[in-house]
Every structure is written in C-alpha cells, then in structure tokens.
Amino acid sequence: NQRLSMLNLKVIKLFSIKWNQSICGLPSGLETLIIKSGEFNQRMENLPGGLKHLILLSWKFTMPLDGLPHGLEYFAGLHFRRLNHLAGNYKHELVNLPSSIKSVLLDKNLFEKQGETLKSIYPECQIDCYDDFRYGEFIMKHLLEWMDC
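Notes on the structure follow. What you see is a predicted model; the values in this text were computed from it and never measured.

## Concerning the pattern of salt bridges
For side chains bearing opposite charge, pairing can occur when the charged atoms are close.
Part 1 of the reasoning: Overall, the coordinates contain five salt bridges when judged by the stated rule.
Part 2 of the reasoning: Put simply, Glu-112 and Lys-108 hold a salt bridge, and the shortest N to O gap is 3.9 Å. Linking Glu-112 with Lys-108, this pair stays in helix 3 (residues 108-121), spanning four residues, or about one helical turn.
Part 3 of the reasoning: Look at Lys-108 and you get partly exposed, because its relative accessible area is 27%.
Part 4 of the reasoning: Among the salt bridges present, the one from Lys-119 reaches Glu-116, with a minimum N-O distance of 3.8 Å. Taken as a pair, Lys-119 and Glu-116 lie in helix 3 at a separation of three residues, close to a single helical turn.

Below is the structure:
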C-alpha cells in the first residue's frame, strides 16, 4: 500500500473473486476506482479526495457508504443482480452520498427500493439501474459515455 500511494495512477481496477482487503494508501491523484470482487466487504474510508468515479460490485458488501469523498461525481454498484439471493440485498440507505454526485447507477433491486428517494434528495443527479447479465460491460460503457458528456 505504501508503494501504491507513491504512484501517479488515475485509474485502479481491482478484479478478484476473493479479494477482501482494506482500502488504504491509494494514490492521492486517483480519479477512478473499480472494485469487482464477490468477497469485498471493507469500509470505504480514506479514499483520495480527488476521486470522481467509484464502481463497487460485491454481493457481500454490507458497509455504509457515508464517508465517500466530496467531489465524487459517479457511483455504480452495488451488487451482481443474479447473485443477490446469495447474501441478501444492501441494507443501508444511500442518502448520504456527496452533494457533488451527478450520476448513480444501481442494480435493479436496489434501484427499485431506493431510486425514488434518491431522485428526491439529489434532483440534479441522473439515477438509473442496470439489469443486464453483462452488467460489468454495461457499467463500464455507461461510465465512458457519461464521461464524454
């Protein structure tokens, strides 16, 4: 982690089915963090202040997302839709996202539970859902299209 923090990385993708380690020591210039791990269930604290895009896909993730950095503009996740039955659904309300948030993309189950509330709290934010068996590809394409706007 200490060596990682010294690198000048803008994007980090963590893809591993069993990865579940604390997120700390990320580069200060990091703008995009993508975590795709079925086992990941760590607090999302101490993320770099310049982080703009966060994609978090983990069916075991149960931590609150209250401490995301101000400046975050894009959030996508939280679960793999077809595997939600393995560990239940995300239990926390997403009402404490940073005021800078501009786009939220949730799995269909979570969108159905919290979408209307999020739209009322963040009226300027684009809030959508994904329900595609190729969700990873869909989310990456969505992020790239959103960044081009």
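## Quick notes on the nonpolar core
Part 1 of the reasoning: Leu-33, Met-44, Phe-61, Leu-65 and Phe-75 are the most contacted members of the largest nonpolar core, which has 32 residues in total.
Part 2 of the reasoning: Setting aside its immediate chain neighbours within four residues, Phe-75 contacts Leu-54, Leu-56, Leu-65, Ile-101, Ser-103, Val-104, Leu-105 and Leu-106.
Part 3 of the reasoning: Ranked by size, the runner-up nonpolar core spans 10 residues in total, among them Leu-57, Leu-105, Tyr-130 and Trp-146.

## Here we look at the packing of aromatic side chains
The geometry of an aromatic ring pair is captured by two quantities: the separation of the ring centres and the angle between the planes.
Part 1 of the reasoning: Taken as a whole and assessed by the stated rule, the structure comprises two aromatic pairs.
Part 2 of the reasoning: On the basis of an interplanar angle of 5° and a centroid distance of 5.4 Å, the ring pair of Trp-19 and Phe-40 is categorised as stacked. Remark: Phe-40 occurs in the loop between strand 2 (32-36) and strand 3 (53-57) and Trp-19 occurs in the loop between strand 1 (11-15) and strand 2; sequence separation between them is 21 residues.
Part 3 of the reasoning: The buried category is assigned to Trp-19, whose relative accessible area is 18%.
Part 4 of the reasoning: Judged by centre distance (6.0 Å) and plane angle (5°), the rings of Phe-40 and Phe-61 are stacked. Of this pair, Phe-40 sits in the loop between strand 2 and strand 3 while Phe-61 sits in the loop between strand 3 and strand 4 (74-78), placing them 21 residues apart in sequence.

## Brief notes about the sheet that holds strand 4
Part 1 of the reasoning: Judged by pairing direction, the sheet is parallel, and its six strands sit side by side in the order 1-2-3-4-5-6 without closing on themselves. Edge positions in the sheet fall to strand 1 and strand 6 (126-130), since each has one partner strand and no second. Each adjacent strand pair in this sheet contributes to an overall mean axis angle of 10°, direction not counted.
Part 2 of the reasoning: Packed onto the sheet, helix 3 meets strand 4, strand 5 (103-107) and strand 6 and runs at close to 145° relative to strand 5.

Rules of the game
- Residues numbered from 1 in each chain as written.
- Predicted model: local features only at pLDDT ≥ 70, side-chain atom pairs only at ≥ 80, totals over all residues.
- Heavy atoms only, no water.
- Salt bridge = Lys/Arg side-chain N within 4 Å of Asp/Glu carboxyl O.
- Helix = DSSP H or I, 4+ residues; strand = E, 2+ residues; numbered from the N terminus.
- Buried < 20%, exposed > 50% of the residue type's maximum accessible area, 1.4 Å probe, protein only.
- Core = buried A, V, L, I, M, F, W, Y, C linked by side-chain atoms within 4.5 Å.
- Contact = heavy atoms within 4.5 Å.
- Phe/Tyr/Trp six-rings, centres within 6.5 Å; stacked < 30°, edge-to-face > 60°.
- Pairing = 2+ DSSP bridges.
- Axes fitted to C-alpha atoms, helices over the stretch in contact; angles between N-to-C directions.

Any functional reading would require information that these geometric values do not contain.
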